[in-house]
2 protein chains.
Amino acid sequence: MGDKAGTKKRIEELGKMLLKEIKAGNNPFMDIPIRALSNVAFNPKSRIIEMGDAKSKRYFFNIAHIRKFVQTVTAAAIARELLAVDKHLSLRQVFYRMRRTIPGTNIDMVDEQTESNEAVEDMELLSDSSRELLHINANKNGSAAGKIIIKDKGDLIDWSKLGSGGWAIPSNTEDIEFKKVDAKFVIYMEKAAMWERLHEDKVWDKLDCIIIASQGQATRGIRRLLQRMNTELKLPVYILTDFDPWGWYIYSVLKFGSIALAYESKRLAIPNAKFLGLTAEDIKKYGLERQKIKFTERDASRLKQMVDYDWFKDNKDWQKQFKMMQQYGGKIELDALVTKGISFVSEKYLPEKIKNKDWID
Amino acid sequence: MGDKAGTKKRIEELGKMLLKEIKAGNNPFMDIPIRALSNVAFNPKSRIIEMGDAKSKRYFFNIAHIRKFVQTVTAAAIARELLAVDKHLSLRQVFYRMRRTIPGTNIDMVDEQTESNEAVEDMELLSDSSRELLHINANKNGSAAGKIIIKDKGDLIDWSKLGSGGWAIPSNTEDIEFKKVDAKFVIYMEKAAMWERLHEDKVWDKLDCIIIASQGQATRGIRRLLQRMNTELKLPVYILTDFDPWGWYIYSVLKFGSIALAYESKRLAIPNAKFLGLTAEDIKKYGLERQKIKFTERDASRLKQMVDYDWFKDNKDWQKQFKMMQQYGGKIELDALVTKGISFVSEKYLPEKIKNKDWID
């Protein structure tokens, strides 16, 4: 989707195109790709959730379009400013940067953050650049450790020498350079407490890998980082979650992308990521039957939705898991492995799973 | 509250004391400090929220006590095991470690995590040690950067050379050693996005300081770290939050402690922390009037509660702020400072506030 120079160029091209229309006395317009469900689908070839080609025209001289038109142009101006001064803002900060009274009127450019968010999303599509390339940051969360040395903002950072805390993953991981890689794979987990358990046991040292966690759903910064490690470094990415429809959905988003961010799947999804978390077979194998957390109605209906997703529909391995979970009627947390030993997860579960290639695709 | 050796000794003393009672044919008991509101109060001298001296006896041969008695002893055994093998577990993991069927019965040691949590809290009091000293970790969250070099788990970590991400703060900050300190103060902020804004502007380099953020309420690890920097390094701690009753409560907890964790105030509270966030005066001074977010009913009632807190009751500066906020009927976010310029917060707001000692105590 292009580098920084490309992003800047495409923003400027948009401006020039609009200027040309204005000078020619035409009604300036933008071709906005449609971000609705009707224009989103799972692509079985690329194995990611993608956006279609449908677009709609947004005109300046159109009472129904003008507000959004001006907001989108303002988002372009803010991105251009940020690129020029080489600084970043969060989505919330962009909202404030955009929020001003239009001179000579009582009208504010934006009233709610949803408006500036949508303008930013439109700009991502119009400039064929992620919001990170537009210097607009999402949430920051997560920790990393392992056998890799990166370069970021001029600093060389050795992820194997960062004490008990690890490296704090930034919201924007576009500019990280991979300098020296001794890791053979990456494990992403949904819980920081599990990360601390594995980190204390130096799993990344024993298994030659990298461990990354956030809390719950992975941030965009982490998703992009995992994808870059997968494509640029050719490292397998393993996803470690509970035996739980919500944990499995975290895997689903990491691997296939999501409907809400379908227009970013190409930059965020990891179609060859593998599931290394708890399976129905693991419950028996590791004697975890008694650690069941009974399904709530919400859990059960979440699982039911998963069964029907296009990207799981024809996947025999996953359909088998879904069925077994439905029969079991409950969830099991990875944390339950400590019933078998404080370091059971790092000394037995993970080495065994990886050695036996006991993952789900 | 004591070091690791002291913690181990006090756990063993508890065991010996119980054994002595058993051998003597007595009914073994423990003196448990009472963690109820009735035994918690603000101490105007120490300026923290503290626990009183009230205790209750918990007996083994007492049908109403036996379950909790056994759970507390099990928590002691788990802490002793963790100390012996020098490993840590999260509260959730302790729950699973404690959850087993008592031999010869159908009874599980614990059914819900609230039970194991309470057993851990009782052990914290009985052993006069924090849960971190018992090797039981709370949540992990947050990032740090600035002019300090620390040592942790054998690694020397320079917080000024960690790229855009910074150091990921661990859940447990007990064992961090401060090696070289060139910072003159610490700024804690409630939002990671503000941390990224300040970090990108290298505020810590320009103002010779350390910047730390989590997301919302500070973790125990961060609170303890801030307190240690304040007491051991004599660094002033400044709290940066929105003009918002919820942000102010974050300041309140950091400074005075909380009722729920009153038994930990001595190890977590920072009575001389200063408020460096937005005040009623700042709204005018920086022209932020139009950035108002109107109060919801919840906001208004939260503010009303603050007015009556013992630790704010006689504080004229804060009572003035509360009154002005009530009159204004709204909140203002720090992020709104970007309306004045992308780097206004780092180039103008913070340097000015600190130079003029424009904080609230």
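Residues numbered from 1 in each chain as written. Chains lettered and ligands numbered in written order. Predicted model: local features only at pLDDT ≥ 70, side-chain atom pairs only at ≥ 80, totals over all residues. Heavy atoms only, no water.

1. A word on the packing of aromatic side chains
Under the counting rule described, the total for this entry stands at 50 aromatic pairs over all chains. With a centroid separation of 5.0 Å and 80° between ring planes, the pair formed by F60 of chain A and F61 of chain A is classed as edge-to-face. Judged by its relative accessible area of 30%, F60 of chain A falls in the partly exposed class. Between R302 of chain B and the ring centre of W246 of chain B, over which it is positioned, the NZ or CZ distance is 5.5 Å. Above the ring of Y249 of chain B, the side-chain terminus of R302 of chain B is found at 4.4 Å from the ring centroid. (Phe/Tyr/Trp six-rings, centres within 6.5 Å; stacked < 30°, edge-to-face > 60°. Buried < 20%, exposed > 50% of the residue type's maximum accessible area, 1.4 Å probe, protein only. Lys NZ or Arg CZ within 6 Å of the ring centre and 35° of its normal.)

2. With respect to the sheet that holds strand β8 (residues 148–152) of chain A
Residues and elements named next belong to chain A. Pairing is antiparallel in the open sheet, where three strands are placed in the order β9-β8-β11. The sheet terminates laterally at β9 (155–158) and β11 (177–181), the two strands that pair on one side only. Neighbour to neighbour, the strand axes of the sheet diverge by 25° on average, direction disregarded. Direction of pairing for β8 relative to β9: antiparallel, over a ladder of four bridges. The residue of β9 that forms the bridge with I149 is D158. (Pairing = 2+ DSSP bridges. Helix = DSSP H or I, 4+ residues; strand = E, 2+ residues; numbered from the N terminus. Axes fitted to C-alpha atoms, helices over the stretch in contact; angles between N-to-C directions.)

3. A few points about the sheet that holds strand β9 (residues 155–158) of chain B
Residues and elements named next belong to chain B. As summarised here, the arrangement of the three strands in space is β9-β8-β11, forming an open sheet in which the pairing is antiparallel. Of all the strands in the sheet, the pair left with one neighbour each is β9 and β11 (177–181). Strand after strand, the sheet turns through a mean of 25° between neighbouring axes, direction not considered.

4. Considerations on the relation of the copies chain B and chain A
In the superposition of chain B on chain A (RMSD 0.0 Å, axial shift 0.0 Å), the rotation amounts to 180°. Read as a symmetry element, the transformation amounts to a two-fold axis. Measuring from the rotation axis to each C-alpha of chain B, the shortest distance belongs to A168 of chain B, at 2.0 Å. Interface overlap between copies is the fraction of interface residues in one copy that are interface residues in the other; for chain B against chain A it reaches 100%, indicating a shared surface. (Least-squares fit on C-alpha atoms with pLDDT ≥ 70 in both. Contact = heavy atoms within 4.5 Å.)

5. Things to note about the packing of helix α1 (residues 4–23) of chain A against helix α2 (residues 66–85) of chain A
Residues and elements named next belong to chain A. Between α1 and α2, whose axes approach to 10 Å, the crossing angle comes to 140°. It follows that α1 is oblique to α2 by the angle criterion. Where α1 crosses over α2, the handedness of that crossing is left-handed. In this structure, α1 contributes T7, K8, I11, E12, L14 and L18 to the contact, and α2 contributes F69, V73, A76, A79, R80 and L83. (Parallel < 35°, antiparallel > 145°, perpendicular 65-115°, else oblique. Left-handed = near helix turned anticlockwise from the far one by under 90°.)

6. Comments concerning the nonpolar core
Ranked by size, the top nonpolar core spans 220 residues in total, and within it W159, I212 and Y349 of chain A together with W159, I212 and Y349 of chain B carry the most contacts. When sequence neighbours within four positions are dropped, the list of residues in contact with Y349 of chain B reads L240, L276, G277, L278, D282, Y286, L334, L337 and F344 of chain B. (Core = buried A, V, L, I, M, F, W, Y, C linked by side-chain atoms within 4.5 Å.)

7. Thoughts on the confidence of the model for chain A
Confidence in the prediction for chain A averages 95 pLDDT; 99% of positions are at 70 or higher. Interface confidence for the predicted complex, expressed as ipTM, amounts to 0.95; the pTM equals 0.95. (pLDDT = per-residue confidence, 0-100.)

8. With respect to the pattern of salt bridges
Applying the stated criterion across every chain yields a total of 84 salt bridges over all chains. In this structure, the salt-bridge partner of D182 of chain A is K180 of chain A, at a minimum N-O distance of 2.9 Å. When its relative accessible area of 45% is taken as the criterion, K180 of chain A is described as partly exposed. Its salt-bridge partner being R67 of chain B, residue D111 of chain B comes within 3.3 Å of it at the nearest N-O pair. Residue D111 of chain B is located in the loop between α3 (91–98) and α4 (113–126), and its partner R67 of chain B is located in helix α2 (residues 66–85); the two are separated by 44 residues in the primary sequence. By relative accessible area, D111 of chain B is classed as partly exposed at 43%. Accessibility expressed as a relative area gives 32% for R67 of chain B, which makes it partly exposed. When salt bridges that share partners are traced, they join E124, R131, E132, E174, R220, R224, E264 and R267 of chain A into one network. (Salt bridge = Lys/Arg side-chain N within 4 Å of Asp/Glu carboxyl O.)

9. Some words on the packing of helix α5 (residues 192–200) of chain B against helix α14 (residues 344–355) of chain B
Residue and element names in this part refer to chain B. Two elements in contact, α5 and α14, have axes separated by 9 Å at closest approach and are oriented at 95°. In terms of axis orientation, α5 runs roughly perpendicular to α14. For the pair α5 and α14, the contacting residues are M194, R197 and L198 in the first and V345, S346 and L350 in the second. Of the residues assigned to the contact of α5 with α14, the class counts are four nonpolar, one polar and one charged. (Nonpolar A, V, L, I, M, F, W, Y, C, P; charged D, E, K, R; others polar.)

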